Amino acid sequence: MILKLAYKNVISRRSSIVIILFVSFAVCLFCVANALFDSTEQGVQTNYVSSFTGDLIIRPTGSFQLSLFGDETPITGELTELPRAVPYTDLIEYITSQDNVKAAVGQVSGMAAIEHGSNRYASYVFGVNGQEYARMMTSIHILEGQPYEPGQKGVMLCTNAVQKLGVKLGDTVQFVVTDGPYVRIRAAPLTAIFEYEIHSEIFDRFAIADPDTVRSLLDMTDTMDQQEVYIDEENMNLIDMDMDIDSLFDDAGDTEFFFDETWEDDLADFEEIEDLSATQASTYAEPQPYISSNSWNFIIVRLTPGTKADKVIKKFNRYFKRKAWPVQAVDWRHAAGSTALYLYWMRIIFNIGITIVLFAGFIIVNNTLIINVLDRTQEIGTMRAVGAKKRFISLECMAETFMMTLSSGVIGVLAGIWGCRLITKANIIFHNSFLIQLFGGDALTIFVTGGNIAKMFLLVVVLGIIGWIYPVITAVKVSPVTAMQGAR
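Residues numbered from 1 in each chain as written. Predicted model: local features only at pLDDT ≥ 70, side-chain atom pairs only at ≥ 80, totals over all residues. Heavy atoms only, no water.

Trainee: It is not clear to me how the packing of aromatic side chains should be interpreted in this structure. Could you clarify?
Mentor: Between two aromatic rings, the relevant description is the distance of the centres plus the angle of the planes. Summed over the entire model, instances satisfying the criterion amount to 23 aromatic pairs. Summarising the aromatic geometry, the rings of Tyr 196 and Phe 206 are spaced 6.5 Å apart at their centres and angled 85° between planes, so their arrangement reads as edge-to-face. Here Tyr 196 is found in strand 9 (residues 182-196), whereas its partner Phe 206 is found in strand 10 (residues 206-209), with 10 residues between them in sequence. For Phe 206, a relative accessible area of 1% gives the class buried. The rings of Tyr 48, Phe 52, Phe 69, Tyr 124, Phe 126, Phe 194, Tyr 196, Phe 203, Phe 206 and Trp 332 are connected pair by pair, giving a single aromatic cluster. Geometry around Tyr 121 places Lys 164 over its ring, the cationic atom sitting 5.5 Å from the centre. Directly above the aromatic system of Trp 296 lies the positively charged group of Arg 215, at a separation of 4.5 Å from the ring centroid. (Phe/Tyr/Trp six-rings, centres within 6.5 Å; stacked < 30°, edge-to-face > 60°. Helix = DSSP H or I, 4+ residues; strand = E, 2+ residues; numbered from the N terminus. Buried < 20%, exposed > 50% of the residue type's maximum accessible area, 1.4 Å probe, protein only. Lys NZ or Arg CZ within 6 Å of the ring centre and 35° of its normal.)

Trainee: Whenever I open this one, unusual backbone geometry confuses me. Can you help?
Mentor: Most peptide bonds take the trans form, and the phi angle of most residues other than glycine is negative. Of note, the amide linkage connecting Val 86 to Pro 87 takes the cis form, showing an omega dihedral of -5°. The residue Pro 87 is located in the loop between strand 3 (70-71) and helix 3 (88-96) in this model. Positive phi values are uncommon outside glycine, yet Asp 219 reaches one of about 55°. On the secondary structure map, Asp 219 appears in the loop between helix 6 (211-217) and helix 7 (233-236).

Trainee: Got a minute to help me understand helix 3 in this structure?
Mentor: Along an α-helix, residues three or four positions apart point the same way, because every turn accommodates 3.6 residues. Taken together, the buried positions of helix 3 are Tyr 88, Leu 91, Ile 92, Tyr 94 and Ile 95. Along the long axis of helix 3, the arc covered by the buried residues comes to 165°, so they all point the same way. Close packing links the buried residues of helix 3 with strand 1 (56-60), strand 4 (101-116), strand 11 (298-303), helix 9 (309-323) and strand 12 (327-331). (Arc of directions from axis to C-beta. Contact = heavy atoms within 4.5 Å.)

Trainee: It is not clear to me how helix 2 (residues 14-53) should be interpreted in this structure. Could you clarify?
Mentor: Relative to the 58 Å expected for 40 residues at 1.5 Å per residue, helix 2 spans 56 Å between its end C-alpha atoms, a close match to the ideal helical length. At the C-terminal side of helix 2, Gly 54 shows a positive phi close to 70°. (Expected span 1.5 Å × (residues − 1).)

Trainee: What is the right way to read a nonpolar patch on the surface from this model?
Mentor: A surface patch of nonpolar side chains, about 370 Å² in accessible area, is lined by Ile 465, Ile 469, Tyr 470 and Ile 473. Summarising the element assignment, Tyr 470 is placed in helix 15 (residues 450-477). The class for Tyr 470 is exposed, based on a relative accessible area of 52%. (Patch = residues over 30% accessible without salt bridge, like charges linked within 9 Å, V, L, I, M, F, W, Y side chains within 5 Å. Areas by Shrake-Rupley, 256 points an atom, 1.4 Å probe, with all protein chains shown as cover. Salt bridge = Lys/Arg side-chain N within 4 Å of Asp/Glu carboxyl O.)

Trainee: What exactly am I supposed to notice about a positive patch on the surface here?
Mentor: On the surface, a cluster of positive charge is made up of Lys 314, Lys 315, Arg 318, Arg 322 and Lys 323. Here Arg 322 is to be found in helix 9. Given the relative accessible area of 62%, Arg 322 is considered exposed. (Lys, Arg positive; Asp, Glu negative; His and termini not counted. Charge placed at Lys NZ, Arg CZ, Asp CG, Glu CD.)

Function-wise, these values are silent; they only describe arrangement.
The structure is reproduced here in structure tokens:
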């Protein structure tokens, strides 16, 4: 009964069509704006995750916040020594044992001047396993050469960095670090030239080098994982401080050395032992398998497709806290540090501007809904005069308002999806490097997600509640006689 009456009232009034179209336009505009924001966020995230941050990183805890570029607070005079991720072996074992972890690799980070001949520029140096890192970062495409192998010295540079330095494959590049009054210089050959899938001026400053060279450059001493050592009670006596040292030689005696007729045979045996020792020494002098160090600043983690990084981060941090390990897991944005922070704030400012414009529009929409109810004060008074209760009138007005707002929501969302497709098909190309970084690509691609649609319908429901509750409460408070006379 109420729904049927509400439907007839909506259809019979021309003002309802104006309200529906107005709300639909606002919803469509808001839908396109949200799709644009979500698409740019997804574009930047995909670009950074596949280029250098991974889905998440494990970093040491400390008094200052760390990104993959190290301590980004202003420093003067000397380098800030970055803490290590310990216990590294246990961390890697735990991380790689998780089903939703695709790959993990350690990283040593630092800043240095990279030079070749007279060419020189500042760069961020990432000390990583070259082969694992190249497989892990899918945005890296090798153009010439190949990643250095474990234990091999090498540097990998992007094409723009190669052009700045004027180097070619196989040339030696130098890294220079100033640490107070000291200067450290290390060199390594260029083993690979690559390019990123999406160009960014920030990425041009990355130099990927073997971790041993970076550790030496940063004067980073090797460390061992913290392990507990247990000594049984029997062996504890060996380090008893009350033990008499002289008692160790109670059984010792004097021996006179003399030569007899067998001394030549003994000498021959000694020479055989000497030859055998020389053979063993030459065997040990042969190259041994490369043993990776446990000294790393960060662990970069890639997850299997479809895995929610937030859930994995919370799980890791709970485990680290239980184990009392001085590390924490953070997302890709914290891993990128200030390089992604200014993009984030630019989008926030852009969002605020659009929201202010849309908010002003929704105020107009809401006022229209309120006026629509208040204009019916005389009709409401007549209904009350013939016996309609306040509850019936409230439900009937609520049904009318929600019919208009929900219809507007459906029309607005469909129009928003259609508008997003038109914008994507327009193939808008960016040539400005800042816009490329801001939108995560050189082409504008936007799409409406299920979350966007849910937000739009939540918005129209809120509009419906606001546009119904206040005017109806005001209208039903008026006496039937006064309402029939046209009072508001």
